[in-house]
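Architecture at a glance
Given next are the chains, with one letter for each unit.
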Amino acid sequence: MSQLSLWPIAQFLILLTLANGVPVIAKRMLGDWLAWPIDGGWLFWDGQPLLGRSKTVRGLVLAILATTIGAPMIGLDIETGMLVGFTAMVGDMFSSFLKRRLRLAPSAQAPGFDQVPESLLPFLVARNLVGFSAWDILIGVGVFWIGELLVSRFLYMLHVRDRPY
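Below is a summary of the structure that appears in this document.

A closer look at the packing of helix 1 (residues 6-30) against helix 2 (residues 57-73)
It is at 8 Å that the axes of helix 1 and helix 2 come closest, and there the two elements cross at 135°. Relative to helix 2, the element helix 1 is oriented oblique. Helix-helix and strand crossings are classified by hand; for helix 1 and helix 2 the assignment is right-handed. On helix 2, the residues touching Leu-15, Leu-18, Ala-19, Val-22, Pro-23, Ala-26, Lys-27 and Leu-30 of helix 1 are Arg-58, Gly-59, Leu-62, Ala-63, Ala-66, Thr-67, Gly-70 and Ala-71. Along the lines of polarity and charge, the residues of the contact of helix 1 with helix 2 split into 11 nonpolar, 3 polar and 2 charged.

Structure (structure tokens):
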């Protein structure tokens, strides 16, 4: 087994936390202001929303902006920050798309669906750029999964999140 890339994993986890946290904080602070649904309210062929109203242009833009600004603060370049933010949000939208196909309500808890795509995609896309091994990716996604569940409950206790997940 190759040596784990602990600092690069930590850097990505910090950026993933920014990408996921900033839209939640913005929702709490700004309410519905500029919260336009990415899918424009369109329905898929199954009659369900394409993504749902909780995936907003504001959240997408702020997530990418936060990771782009945050990356140099933790030793990564701007492009890597932008890539992580963008791919995390693509993964998040993919999980929302899947959840709508399963007829789960927006923001419904779906362990795995909520954490894996938005953490796995950035790790995979940047694998060669950063030099992640398969173990690095597995550990990073696992830590994000567990951490996101714990942090969500904490933010709920602080009344930042509407639900404990």
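That was the structure; now back to the text.
Notes on the side chain of Thr-80
Secondary-structure assignment places Thr-80 in helix 3 (residues 78-101). With a relative accessible area of 5%, Thr-80 lands in the buried category. When sequence neighbours within four positions are dropped, the list of residues in contact with Thr-80 reads Phe-12 and Leu-129.

The rules behind each value
- Residues numbered from 1 in each chain as written.
- Predicted model: local features only at pLDDT ≥ 70, side-chain atom pairs only at ≥ 80, totals over all residues.
- Heavy atoms only, no water.
- Axes fitted to C-alpha atoms, helices over the stretch in contact; angles between N-to-C directions.
- Helix = DSSP H or I, 4+ residues; strand = E, 2+ residues; numbered from the N terminus.
- Parallel < 35°, antiparallel > 145°, perpendicular 65-115°, else oblique.
- Left-handed = near helix turned anticlockwise from the far one by under 90°.
- Contact = heavy atoms within 4.5 Å.
- Nonpolar A, V, L, I, M, F, W, Y, C, P; charged D, E, K, R; others polar.
- Buried < 20%, exposed > 50% of the residue type's maximum accessible area, 1.4 Å probe, protein only.

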